[in-house]
Amino acid sequence: MCGIVGAVSVNNVVPVLLEGLQRLEYRGYDSAGLVVTCGGLQRLRTTGRVHELQKLADEQKMQGFAGIAHTRWATHGAPSVRNAHPHFSGLEENNPRIAVVHNGIVENYESMRERLQSEGYRFVSDTDTEVIAHLVALNLKRSEGLLEAVCASIAELQGAFAIAVMEEARPDKIVVARNGAPLLLGLGESGNYAASDVSALLKATKNMVYLEEGDVAELTSSGYRIVNCHNGKVVQKVERAVHETELTSDAIELGPYTHYMQKEIFEQSSAVANTLEMVFNAQSISPNLFGSAAESIFSQTSSILILACGTSYHAGLVARYWLETVAGLPCNVEIASEYRYRDPIVSPNTLVVGISQSGETADTLAAMKYAKKLGHAHSLAICNVPESALIRQSDLRFLTRAGPEIGVASTKAFTTQLASLLLLTATLAKLRRKLPPEAESCLIADLRHLPVAIQHTLQVEPQVKAWAKRFAQKRHALFLGRGVHYPIAMEGALKLKEISYIHAEAYAAGELKHGPLALVDSEMPVVAIAPNDQLLSKLKSNLQEVHARGGELYVFADADSHIVPSENLHVIRLSEHEGLLSPILHTIPLQLLAYHVALEKNTDVDKPRNLAKAVTVE
Ligand code: G6P
């Protein structure tokens, strides 16, 4: 995690660095810091948020023409000013003074630290990053310049990371390196920049260069060069394409909303419409939507393996029901962090599907690579970030066009993932002759109807708000669902945990009597998802089990589910049962519930404690 920004310009870079950090705060917000060259390296660090850093920079009228900055999600060392980046080497005399910001983890930092200590370097933080600063300083003594010293240092470091480095003696340049964590360059008229993602640089430029793994780049205000290194030596200069990003800075503004999560919940209708636009304009479903090789790969596919984390994993769990029921394909869904360390049995002709909003979740990327190493021939990425590592490393790809998701708790990414997975299901079903033309037309009509159905569902907000007041007093909650709605219950519980800090657990409702029923009393609200599907009568019996034991039920039911409110049984009615769309629509009120409970509890909705949006470390 962590976000890094660098800038070299003919103008003062402090505003660009701070704007960049604001945009990257979703990546971590335990502390923030920056360094600029202004008659020496001037550093500011705080355990507050970026706006605190801004205040400090304003008070000190900080200025400089080159600088690097960082927003931290703590891995090694508690959140404190001492552990905040940038980290320095050269506090001792006669050593070059170096500043480093870093995203990722240096795995061999303990042995490196011992070695550098024996060389006389003094450590003042608990971080792994400080190792990089001292190592670059050491290598600089025997290198031609900073770029060469960074190349030499990277060869000695194990782990996945991205770094930006400055040297006090050469205040006109910064050097950056990508080694397993995202990093791109922004090319402007008055300067050049680097950042962990595009959103950080949109105010400065639209021209981006996406670095490849192993690239090291040197930036000055008037130019840049990118090189490849091997065994610690610069091998050659490399050219990378310049892309004009389509993203506008408006897309990342809050607009009339109070929180990004609120904005993103209400954007779901248009996010889904954008994601499915190509289907809306067509009369039939085509495998080409997933890439030119999709028809050939899908025709060979006899089972599916889905790998993902967090909310994206829940999307995969929903898709399993669809893939099995509609396309008749066996489907396995695995938590990426578990899969990457198992010895799974590889079945031939399995399509591996990676689902990720960011496309940079370390465990998902590693699990996808592991699946390939084990012998799975084909992969598909379902992802929201076009230039992400996941997109680049997969054979086939489908972009969820949700637009930037900034709230740490994922909302519109989830519903657009579900829409994409439903489309994948339909495509595979059609190729396997499980979707006759009439059924295909009905499914396209359903998908066209989805944005409107989402708008309609959002209208339950006032009723959900009233429920939220009661939840805010509780310390625990149970979420129940059955069948394809069980993963939706899991997602509802996750949302509540993430942003309201209420302990919430999801159960398949039929499992209730095997344990969790013991927890039910008047202090334990039980949220149930009650669509009018083939499992409704079973679910109603499970709800009776709760009711009979004095539990308080909060039920989201389809209008035709015929569940009548009574004492301790509260019901919010959605529309009539929407068939395959039902799990997508039932997600919306659960997102609203978590959001309004968090508002009642006055938590930091967009930046919940201890979490970060993109988990780029193991
Ligand atoms: C973090 C985020 C979640 C997200 C998960 C997976 O935990 O806070 O919202 O679902 O990572 O992220 P991905 O980008 O791979 O979907």
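Everything quoted here is computed from the prediction, not taken from an experiment.

The rules behind each value
- Residues numbered from 1 in each chain as written.
- Predicted model: local features only at pLDDT ≥ 70, side-chain atom pairs only at ≥ 80, totals over all residues.
- Heavy atoms only, no water.
- Helix = DSSP H or I, 4+ residues; strand = E, 2+ residues; numbered from the N terminus.
- Rg over C-alpha atoms; globule rule 2.2 N^0.38 Å.
- Buried < 20%, exposed > 50% of the residue type's maximum accessible area, 1.4 Å probe, protein only.
- Contact = heavy atoms within 4.5 Å.
- Areas by Shrake-Rupley, 256 points an atom, 1.4 Å probe, with all protein chains shown as cover.
- Lys, Arg positive; Asp, Glu negative; His and termini not counted.
- Charge placed at Lys NZ, Arg CZ, Asp CG, Glu CD.
- Phe/Tyr/Trp six-rings, centres within 6.5 Å; stacked < 30°, edge-to-face > 60°.
- Lys NZ or Arg CZ within 6 Å of the ring centre and 35° of its normal.
- Near = heavy atom within 4 Å.
- Polar contact = N/O pair within 3.5 Å; in protein donor to acceptor, adjacent residues only side chain to side chain.
- Nonpolar A, V, L, I, M, F, W, Y, C, P; charged D, E, K, R; others polar.
- Disulfide = S-S within 2.5 Å.
- Axes fitted to C-alpha atoms, helices over the stretch in contact; angles between N-to-C directions.
- Parallel < 35°, antiparallel > 145°, perpendicular 65-115°, else oblique.
- Pairing = 2+ DSSP bridges.
- 1 Å grid on protein atoms, 1.4 Å probe; cavity = no way out; pocket = protein on both sides within 12 Å on 5 of 7 lines; lining within 4 Å.
- Points joined across faces, edges and corners; volume = space filled by probe spheres on them.
- Domains from an automatic or database assignment.

Turning our attention to the overall build of the protein chain. Counting its regular elements, the protein chain contains 19 helices and 25 strands. On C-alpha atoms alone, the protein chain measures out to a radius of gyration of 26 Å, which is about the 25 Å that the 2.2 N^0.38 rule sets for 618 residues. The principal-axis extent of the C-alpha atoms belonging to the protein chain is close to 80 × 55 × 45 Å. Evaluated residue by residue, the protein chain yields a buried proportion of 61% over its 618 residues. Partitioning the intrachain contacts of the protein chain with sequence separation of at least 6 by distance along the chain shows that 71% fall at a separation of at least 24. Accessible surface, the protein chain as shown: approximately 23700 Å² in total, 48% of it carbon and sulfur. Once the 57 positive and 67 negative side-chain charges of the protein chain are each reduced to a mean point, those two points are 1 Å apart.

So, on to the packing of aromatic side chains. Geometry of an aromatic ring pair is reported as the spacing of the ring centres plus the angle between the planes. For the coordinates displayed, the defined rule picks out seven aromatic pairs. Measuring from centroid to centroid gives 5.0 Å for Trp467 and Tyr554, while their planes differ by 75°, and the two rings are edge-to-face. With Trp467 in helix H16 (residues 461–471) and Tyr554 in strand S24 (residues 552–557), this pair connects stretches of sequence that are 87 residues apart. For Tyr554, a relative accessible area of 1% puts it in the buried group. Taken together, the aromatic side chains of Trp467, Phe471, Tyr554 and Phe556 make up a single cluster linked through ring pairs. Across the ring face of Phe88, the terminal group of Arg43 is positioned such that the distance to the ring centre comes to 4.0 Å. Its end group placed over the ring of Tyr501, Arg609 keeps NZ or CZ at 3.8 Å from the ring centre.

The ligand sits among 13 residues. The nearest are Ser312, Ser356, Gln357, Ser358 and Thr361. The backbone of Thr311 places a nitrogen or oxygen atom 3.0 Å from an oxygen atom of the ligand. Measuring from an oxygen atom of the ligand, one finds a side-chain N or O atom of Ser358 at 2.6 Å. For the ligand, the protein covers 90% of the area, taking 400 Å² as the surface of the free molecule. Taken together, the residues that form the shell around the ligand break down as four nonpolar, eight polar and one charged.

Okay, the environment of Ala508 next. As for its placement among the helices and strands, Ala508 is situated in strand S22 (residues 503–508). Of the residues examined, Ala508 reaches a relative accessible area of 24% and is grouped as partly exposed. Taking the C-alpha atoms as reference points, Ala508 and Cys2, separated by 506 residues in sequence, lie 36 Å from one another.

Once that is clear, we can look at the state of the cysteines. In this structure the tally under the stated criterion is one disulfide. A sulfur-sulfur separation of 1.9 Å characterises the disulfide bridge that pairs Cys151 with Cys229. You can see Cys151 sitting in helix H5 (residues 146–154) and its partner Cys229 sitting in strand S13 (residues 224–230), a full 78 residues away along the chain. For Cys151, a relative accessible area of 2% corresponds to the buried category. With relative accessibility at 25%, the residue Cys229 sits in the partly exposed group.

What follows concerns the packing of helix H14 (residues 412–431) against helix H15 (residues 437–458). Interhelical geometry of H14 versus H15 gives an angle of 170° and a closest axis separation of 11 Å. As judged from the angle between their axes, H14 and H15 are roughly antiparallel. On H15, the residues that touch Ala419, Leu422, Leu423, Ala426 and Lys430 of H14 are Glu440, Leu443, Leu447 and Leu450.

Turning our attention to the sheet that holds strand S18 (residues 350–356). Spatially, five strands are ordered S17-S16-S18-S19-S20 in an open sheet, and the strand pairing comes out parallel. The open sheet has two edge strands with one neighbour each: strand S17 (331–335) and strand S20 (396–399). Strand-to-strand twist across the sheet, computed as the mean angle between neighbouring axes with direction ignored, equals 20°. Bridge count for strand S16 (residues 303–308) against S17 is five bridges, and the pairing is parallel. Within S17, the residue paired with Leu307 across the bridge is Glu334. Strand contacts of helix H10 (residues 310–325): S16, S17 and S18, with the helix running at about 170° to S17, the strand carrying the most contacts.

Taken as a whole, the second largest pocket holds about 520 Å³ of empty space. Gly310, Thr311, Ala612, Lys613 and Val615 are the residues nearest the centre of the second largest pocket, which is lined by 24 residues in total. Elements with a contribution of two residues or more to the lining of the second largest pocket: H10, S18, helix H12 (362–374) and helix H17 (486–500). For the lining of the second largest pocket, the element with the highest residue contribution is H10, accounting for four residues. Of the residues assigned to the lining of the second largest pocket, the class counts are nine nonpolar, 11 polar and four charged.

Let us now look at the domain arrangement of the protein chain. You can read the domains of the protein chain as domain 1 (3–247), domain 2 (257–457) and domain 3 (459–601). The C-alpha centroid of domain 3 is placed 46 Å from the C-alpha centroid of domain 1.

This part takes up the sheet that holds strand S9 (residues 184–187). Spatial ordering of the open sheet is given by S3-S2-S4-S1-S10-S9-S11-S15, a layout of eight strands whose pairing is antiparallel. Sheet topology places strand S3 (41–46) and strand S15 (243–244) at the edges, where each strand pairs with a single neighbour. Across five bridges, the pairing between strand S1 (residues 3–9) and strand S10 (residues 191–195) is antiparallel. Note on S10: the bridge partner recorded for Ala7 is Tyr193. Of the strands in this sheet, strand S2 (31–37) and S3 touch helix H2 (residues 50–59), which is tilted by about 140° from S3.

Right, let's talk about the environment of Ala402 for a bit. Note that Ala402 resides in the loop between S20 and H14. Overall, Ala402 belongs to the buried group, its relative accessible area being 7%. Spatially, the C-alpha atoms of Ala402 and Arg49 are 27 Å apart, while their sequence positions differ by 353 residues. Discounting residues that sit within four places of it in the chain, Ala402 has contacts with Ala271, Thr275, Asn384, Lys412 and Thr416.

Along the chain, Glu498 falls in helix H17. Given the relative accessible area of 15%, Glu498 is considered buried. With residues up to four places along the chain from it excluded, the contact list for Glu498 reads Ala409, Pro608 and Leu611.

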